[in-house]
Amino acid sequence: PLLLGRDDTESFVDSDDDDDEGECEEWKEEEEEEEEATGAGKIEDEEDIEDETEEERMLQDDGQAEHGSMSGNDDDDDTPHAYAQGEHPPKSVLEVGCGDVPLGHALLLDLLSMQRNTGADASLVVKEIVCNDYAKSVIDVLRERQTQHWKSSGVKGSYETAEGRDGRKVERLALDKAAEGESEPAEKSRPTLDVTYVVEDARDMAYKDESFDLIIDKGTTDALLSDKEEGVSNCVKVVAEMGRCVTVGGFIMLVSHMNAHCDAGIDWCDKVLVAGLRASRADGSWEIEVHGSDSSDAAHEGGETNNEKDADERDDDGPPSGSPGPAVYIIHKLPPKRKAQNEEEEPKARNEEKAEEEEAGKKTEEESVIDAIPLKFFTY
């Protein structure tokens, strides 16, 4: 929904997950073959797996030919065509601290499944998926896995450098770049989307301001909190960088055990999320949605949930006492509120008013701080 728009998502959602399973089987098969080649594992019933995967694909192809749409919608559904006609610009996605099981790759598989089932090119919805991690060893493994997949699929891919902020360089993925002396592949056979894996410090990223429409963090800030001395300050830096790099109108999706349905989570929101968004100095305002379980039942099972106990429990690794489990934070970057309220006012007049206020000493510290950030709670 954060990529397609909440009103348009239904047209793309597949009620049958067989295709995703087939894609996962294909990757699982490649990993098993690699293990067998290195003596690290043993494959059992490999032929049965291949036959099952092929059968799933054939069944799905038959289903596509018969029904024409993966969700069973009417043929007059114009949602895929709206993307094809450029009514919705394709989005850029960044996952920070992806680890060795990146959500970005799962998103890629979902989009390719959508492409096969609807006929809408995945690159019309998402033009770029970037997964970064501080650990070079993790990115090396992901790139090696990607290279092996390219070889088995007959895809040519390479990493190139592009201009980042302050003269720094960023890496971008180029697919099907023909080798010297080779002709370019046919357009219809050209893959249009894959994941860019890069080594990056999420506290100080090289990307230009407002480079991504969706930024994902699944547990990176939680991991940073294990540093008792600099954990909070590091988390603030990560959130600030995400706030800087996300576009106005875009979203940050952050998954954390610091659930704002309990006291420690609210404290974390104030000290990490709000502090980080303000530190981003981004040209925009913010809204935060908190999606998760209510703390009432979990709090009774966990005992006291007052601020003092939660603060003590947070010194230990893992979720705080009384926490109902992880929450998903949807952080929406909106146009600046003051700008929207004074849209018809001349810029010169605003600057003059600002100068007068400063000279008269009327602008207090509270007024200079960014507008309050509302929290909206969604309980399940």
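Residues numbered from 1 in each chain as written. Predicted model: local features only at pLDDT ≥ 70, side-chain atom pairs only at ≥ 80, totals over all residues. Heavy atoms only, no water.

Visitor: What is the right way to look at the overall build of the chain in this model?
Guide: A tally of helices and strands in the chain yields 13 helices and 10 strands. Burial statistics for the chain: of 380 residues in total, 40% are counted as buried. Put simply, 78% of the contacts in the chain that link residues at least 6 apart link residues at least 24 apart. (Helix = DSSP H or I, 4+ residues; strand = E, 2+ residues; numbered from the N terminus. Buried < 20%, exposed > 50% of the residue type's maximum accessible area, 1.4 Å probe, protein only. Contact = heavy atoms within 4.5 Å.)

Visitor: Looking at this model, I keep getting lost on helix 8 (residues 263-279). Mind explaining?
Guide: Because each turn of an α-helix spans 3.6 residues, side chains separated by three or four positions end up pointing in the same direction. Taking 1.5 Å as the rise per residue, helix 8 with 17 residues should run 24 Å; its terminal C-alpha atoms sit 23 Å apart, in good agreement. The sharpest bend along helix 8 measures roughly 35° and falls at Cys 269. When helix 8 is considered as a whole, its buried residues turn out to be Ala 264, Gly 265, Trp 268, Cys 269, Val 272, Leu 273, Val 274, Gly 276 and Leu 277. Phi turns positive one or two residues past the end of helix 8, at Arg 281, with a value near 55°. (Expected span 1.5 Å × (residues − 1). Bend = angle between axes of the 7 residues up to and from the residue.)

Visitor: Whenever I open this one, the sheet that holds strand 8 (residues 285-292) confuses me. Can you help?
Guide: The strands making up a sheet associate through hydrogen bonds between their backbones, and the pairing can be parallel or antiparallel. Judged by pairing direction, the sheet is mixed, and its 8 strands sit side by side in the order 5-2-1-6-7-9-8-10 without closing on themselves. The open sheet has two edge strands with one neighbour each: strand 5 (195-199) and strand 10 (375-379). Strand-to-strand, the axes of this sheet are offset by a mean angle of 20°, without reference to chain direction. One ladder, built from 6 bridges, connects strand 6 (residues 212-218) with strand 7 (residues 246-256); its direction is parallel. Note on strand 7: the bridge partner recorded for Ile 215 is Ile 252. Packing of helix 4 (residues 103-118) onto the sheet brings it into contact with strand 1 (91-96), strand 2 (126-133), strand 5 and strand 6, and relative to strand 2 it is tilted by some 160°. Helix 8 rests against strand 7, strand 8, strand 9 (327-334) and strand 10 of the sheet, and its axis sits at about 30° to strand 9. (Pairing = 2+ DSSP bridges. Axes fitted to C-alpha atoms, helices over the stretch in contact; angles between N-to-C directions.)

Visitor: Would you take a moment to explain the nonpolar core for this structure?
Guide: Side chains that are nonpolar tend, in soluble globular proteins, to be buried together. Core analysis: the biggest nonpolar cluster contains 36 residues, and Tyr 207, Ile 215, Leu 273 and Tyr 329 have the highest contact counts within it. Residue assignment for this core shows that the elements contributing at least two residues are strand 1, strand 6, helix 7 (231-245), strand 7, helix 8, strand 8 and strand 9. Tallying contributions element by element places helix 8 first for this core, with 7 residues. When sequence neighbours within four positions are dropped, the list of residues in contact with Ile 215 reads Leu 94, Val 96, Met 242, Cys 245, Val 246, Phe 251, Ile 252 and Met 253. Counting 25 residues, the second-largest nonpolar core is a separate cluster that includes Val 93, Val 125, Cys 131 and Val 138. (Core = buried A, V, L, I, M, F, W, Y, C linked by side-chain atoms within 4.5 Å.)

Visitor: I keep staring at unusual backbone geometry and nothing clicks. Help me out?
Guide: Outside of glycine, negative phi angles account for most residues, and trans bonds account for most peptide bonds. For Asp 166, which is not glycine, the phi torsion reads 55° and is therefore positive. For Asp 166, the location among the structural elements is in the loop between strand 3 (157-163) and strand 4 (169-175). Its relative accessible area of 69% is what places Asp 166 among the exposed residues. If you check the backbone angles, Glu 210 has positive phi at about 55° while not being a glycine.

Visitor: Even after reading the chapter, I still don't get the side chain of Thr 196, so can you show me in this structure?
Guide: Here Thr 196 is to be found in strand 5. Setting aside its immediate chain neighbours within four residues, Thr 196 contacts Ile 129, Val 130, Cys 131, Tyr 159, Glu 171, Arg 172 and Leu 173.

Visitor: Whenever I open this one, the pairing of strand 7 confuses me. Can you help?
Guide: Each regular strand displays side chains that alternate between the two surfaces of the sheet. Where strand 7 meets strand 9, 6 bridges bridge the pair, whose relative direction is antiparallel. In the strand pairing of strand 9, Met 253 is matched with Ile 330.

Visitor: What should I look at first to understand the packing of aromatic side chains in this one?
Guide: Two aromatic rings are characterised by how far apart their centres lie and by the angle between their planes. Applying the stated criterion to the full structure yields 2 aromatic pairs. Ring centres of Tyr 207 and Phe 212 lie 5.0 Å apart, and the angle between their planes is 90°; on these two criteria the pair is classed as edge-to-face. Residue Phe 212 is classed as buried on the basis of its relative accessible area, which comes to 0%. Look at Trp 268 and Tyr 329: their rings are 5.3 Å apart centre to centre, the planes differ by 50°, and that puts the pair in the tilted class. Of this pair, Trp 268 sits in helix 8 while Tyr 329 is found in strand 9, placing the two residues 61 residues apart along the sequence. (Phe/Tyr/Trp six-rings, centres within 6.5 Å; stacked < 30°, edge-to-face > 60°.)

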